[in-house]
Amino acid sequence: MKIGVLALQGDFAEHIVMLKRIGVEAAEVRLPAHLNDLDGLIMPGGESTTIGKLAVAYRLMDPLREFGRQKAIWGTCAGAIFLSKDVRRDQPLLGIMDITVQRNAFGRQVNSFEVDLDIPELKAATGSDAPYHTVFIRAPLIETVNGDAKIISQLPDGRIVAARQGKLLATSFHPELTRDERFHQYFVSLCR
Amino acid sequence: MEATTGSFAVKKGLAQMLKGGVIMDVVTPEHAKIAEEAGACAVMALERVPADIRANGGVARMSDPELILRIMDSVTIPVMAKCRIGHFVEAQILEAIGVDYIDESEVLTPADEEHHILKHNFNVPFVCGCRNIGEALRRIGEGAAMIRTKGEAGTGDVVEAVRHARTVIGAIRQLQTMGDEELMAFAKNNGAPYELVKETKELGRLPVVNFAAGGVATPADAALMMQLGVDGVFVGSGIFKSGDPAKRAAAIVKAVTHYQDASILAEVSKNLGEAMVGRNVSQMPEGEKIASRGW
C-alpha cells in the first residue's frame, strides 16, 4: 500500500506522519509523474486558491481527475474544496465529487474551533465507538451533497462537514492535526 | 460536544495550513489581489513595506485599521497585520477587526523594551520573529503560535535570514545529541523555557511552524531558505519593490513548492525583470539594523 499526498502547499507533512504511524508508505506528489504506482491520494489542508493555481501551472488537473476515476482520493479542508463541483467563486476545481462547498463558512481565524463528533461510518470501519475530535481551521462547509455522494458527518446543528462518493472522501476538518489515526485507517480501507 | 475556539491547537493549526507557502507584504487591496492571483497563501497588510519604513524613518506603528479592513475585503486568503513589540492595545485592535494572524514585529518601532505581549491572552494567533532558539522558545512560551526568522527586513539581502535559520536549526540538531540531564543547562544558557526545550528535543523541530523572513528577494532565495529547513517564506519588500511584482510573486510561489527541483527553479527564475535594489547588510551601520529589536 502506497498513498500519495499532494505536496503543492499546505500541511502535507502532517498527513505523511499519520500514514507512517499506521504503517503505510507515503509519497509527496508535486508533478503528474508522481501519481504513478499510488493506491490512493490525500489532498491536504492549505489555501485552495494556491493549490489550484499550482495544479494548473504544473498540468496536474487532468491527471488528478483521471486518478479519481479509478482510485481513492481524500481531501481535507482545502482538499475538499478542490474535489468539489462548485464554490461560487472563480478558482480551479477538480469537480469530480458531486458536492458544493462554501469557503470560510464559519468566518475568520478567531472563529476556528475544535469539537467532538460522532461519525457512524468511522465507527463501522474501525470498530471503535469513541467520539472523534475534529479541528476546523477557517473551514469550509459542504452545502449540498448530490448524486451518489453521501453525508458522512454533520455538526450537532445539521451542517454537513464530511461526505463520501464511492472512493472519494471530503472532510471540512483536519484529522491530520490530531493524534487519532482512525480517519487515516478509514481512508486506507477505501484504497483497498 | 461544546465547540472550543481560540485554543492553541487552532492557532497553531492555521500556521500549519500556511506551510509550503509564501506570505506577501501588501499595502493596497490591488496589491493583495495581485498576491492572491500569484498564489500567495496569505498576505500581510501594512501601510508601508519595510524598505519604505527604513527610508521614511520616524516611529513606525500599526497600520490604519480601515486599510487593513479594505485588504481583508479584497481577498479570500488569510490576512495578517503587524503590531509593535509589547503594544498589546494595538493587538487588541487588530483582534477586534478580525485579522487572521498578528505579527508582533521588530519592523515597527518597539513599544516596550523589556516585555513582549502575553499572547496567550488572545484568541487570534501571533507570529513572532527570532534570531536564535532562545528567542524562538521565549516567544512560544508567551503564546506565539508561529515563528519566523527576523532576517534583516527591507534590505533584499538574505544573509541575515540564512544566519538566523542556521542558528535555530543548528541548535535543534545540537539538542538532539544531548542527554536529558543536559537540557536544564541548555535552557539556562539560551534563556529558553525548560519544558519547550524538552519538547523541541523530542520533536526534532520547533513546536510550532517556522517560516523564513527578512531579505528574501528572489525565487532562489526562497528555495535556499526551504532547503535549509524552514516551513515557508515571508516576502516583504522583495515583491512590490521589484520591476514586475506579479511575475516575481508567482515565481517565488513556484520556487517554494518545487524548492528541491533545480530545473524548475531555473525555469521560474528566467526574465523576472529587476529585483529590488537592496542594501548590503554587512555595510550597514549597527543602528540601522532592526533584527536586534526584541528581547
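Our structure is the block above this text.
Residues numbered from 1 in each chain as written. Chains lettered and ligands numbered in written order. Predicted model: local features only at pLDDT ≥ 70, side-chain atom pairs only at ≥ 80, totals over all residues. Heavy atoms only, no water.

Visitor: Please set out the overall build of chain B residue by residue, giving values where relevant.
Guide: Scanning chain B from N- to C-terminus turns up 13 helices and nine strands. Relative to the compact-globule value of 19 Å for 295 residues, chain B shows a C-alpha radius of gyration of 18 Å, a close match. Each principal axis of the C-alpha distribution contributes one length, and for chain B these read about 55 × 50 × 45 Å. Counted over contacts in chain B with a minimum sequence separation of 6, partners at least 24 positions apart contribute 67%. When the accessible surface of chain B is totalled, it reaches about 11300 Å², and 49% of it is carbon and sulfur. (Helix = DSSP H or I, 4+ residues; strand = E, 2+ residues; numbered from the N terminus. Rg over C-alpha atoms; globule rule 2.2 N^0.38 Å. Contact = heavy atoms within 4.5 Å. Areas by Shrake-Rupley, 256 points an atom, 1.4 Å probe, with all protein chains shown as cover.)

Visitor: So what's going on with the side chain of Ser-48 of chain A? Residues and values would help.
Guide: Residue and element names in this part refer to chain A. Note that Ser-48 resides in helix 2 (residues 48-57). Within the structure, Ser-48 has its side chain in polar contact with the side chain of Gln-91 (distance 3.0 Å). In this structure, Ser-48 is in contact with Ala-78, Ile-81, Gln-91 and Arg-103, ignoring residues within four places of it in sequence. (Polar contact = N/O pair within 3.5 Å; in protein donor to acceptor, adjacent residues only side chain to side chain.)

Visitor: Account for the pattern of salt bridges, naming residues and giving values.
Guide: Per the counting criterion, the structure on display carries 32 salt bridges over all chains. Residues Glu-28 of chain A and Arg-30 of chain A are paired through a salt bridge, measuring 2.6 Å at the closest nitrogen-oxygen approach. Residue Arg-30 of chain A is classed as buried on the basis of its relative accessible area of 9%. The network of salt bridges with common partners includes Lys-82, Asp-103, Glu-106 and Arg-148 of chain B. (Salt bridge = Lys/Arg side-chain N within 4 Å of Asp/Glu carboxyl O. Buried < 20%, exposed > 50% of the residue type's maximum accessible area, 1.4 Å probe, protein only.)

Visitor: Outline the packing of helix 7 (residues 159-176) of chain B against helix 9 (residues 194-203) of chain B, supporting the account with residue identities and numerical values.
Guide: Residues and elements named next belong to chain B. Remark: helix 7 packs on helix 9, axes separated minimally by 9 Å, with the N-to-C direction vectors making an angle of 85 degrees. Put simply, helix 7 runs roughly perpendicular to helix 9. Contacts from Ile-172, Leu-175 and Gln-176 of helix 7 reach helix 9 at Val-197, Thr-200 and Lys-201. Partitioned by chemical class, the residues of the contact of helix 7 with helix 9 number three nonpolar, two polar and one charged. (Axes fitted to C-alpha atoms, helices over the stretch in contact; angles between N-to-C directions. Parallel < 35°, antiparallel > 145°, perpendicular 65-115°, else oblique. Nonpolar A, V, L, I, M, F, W, Y, C, P; charged D, E, K, R; others polar.)

Visitor: I'd like to hear about the sheet that holds strand 1 (residues 4-5) of chain B, residue by residue, with values.
Guide: Hydrogen bonding along the main chain pairs the strands of a sheet, whether they run parallel or antiparallel. Spatial ordering of the open sheet is given by 7(A)-6(A)-1(B), a layout of three strands whose pairing is antiparallel. Of all strands in the sheet, those bounded by a partner on one side alone are strand 7 (132-136) of chain A together with strand 1 of chain B. As defined by bridge partners, strand 6 (residues 113-117) of chain A adjoins strand 1 of chain B across two bridges and the pair is classed as antiparallel. Within strand 1 of chain B, the residue paired with Phe-113 of chain A across the bridge is Thr-5 of chain B. (Pairing = 2+ DSSP bridges.)

Visitor: Quick rundown of the layout of surface pockets? Include the residues and the values.
Guide: Empty space within the largest pocket amounts to approximately 1300 Å³. As for the largest pocket, its lining consists of 46 residues, and the residues nearest its centre are Glu-14 and Val-17 of chain A together with Gln-16, Lys-19 and Arg-205 of chain B. At the level of secondary structure, the elements contributing two or more residues to the lining of the largest pocket comprise helix 1 (12-21) and strand 7 of chain A together with helix 1 (8-18), helix 7, helix 9, strand 8 (209-211), helix 10 (219-228) and helix 12 (245-257) of chain B. With six residues, the top contributor of residues to the lining of the largest pocket is helix 1 of chain A. A breakdown of the residues in the lining of the largest pocket according to their chemical character gives 23 nonpolar, 10 polar and 13 charged. One number sums up the size of the second largest pocket: a volume of about 240 Å³. Forming the boundary of the second largest pocket are 13 residues, of which Thr-49, Lys-53 and Asp-90 of chain A together with Glu-36 and Glu-37 of chain B lie nearest the centre. The dominant element in the lining of the second largest pocket, judged by the number of residues it contributes, is helix 2 (residues 29-38) of chain B, at three residues. (1 Å grid on protein atoms, 1.4 Å probe; cavity = no way out; pocket = protein on both sides within 12 Å on 5 of 7 lines; lining within 4 Å. Points joined across faces, edges and corners; volume = space filled by probe spheres on them.)

Visitor: Which residues make up the packing of aromatic side chains, and what are the values?
Guide: Residue and element names in this part refer to chain A. What the rule picks out here adds up to 12 aromatic pairs over all chains. Geometrically, the ring pair formed by Phe-106 and Phe-113 is edge-to-face, given 5.1 Å between the ring centres and 65 degrees between the ring planes. Relative accessible area serves as the criterion here: at 8%, Phe-113 is assigned to the buried category. (Phe/Tyr/Trp six-rings, centres within 6.5 Å; stacked < 30°, edge-to-face > 60°.)

From the geometry alone we can't say anything about function, so treat these as descriptive.
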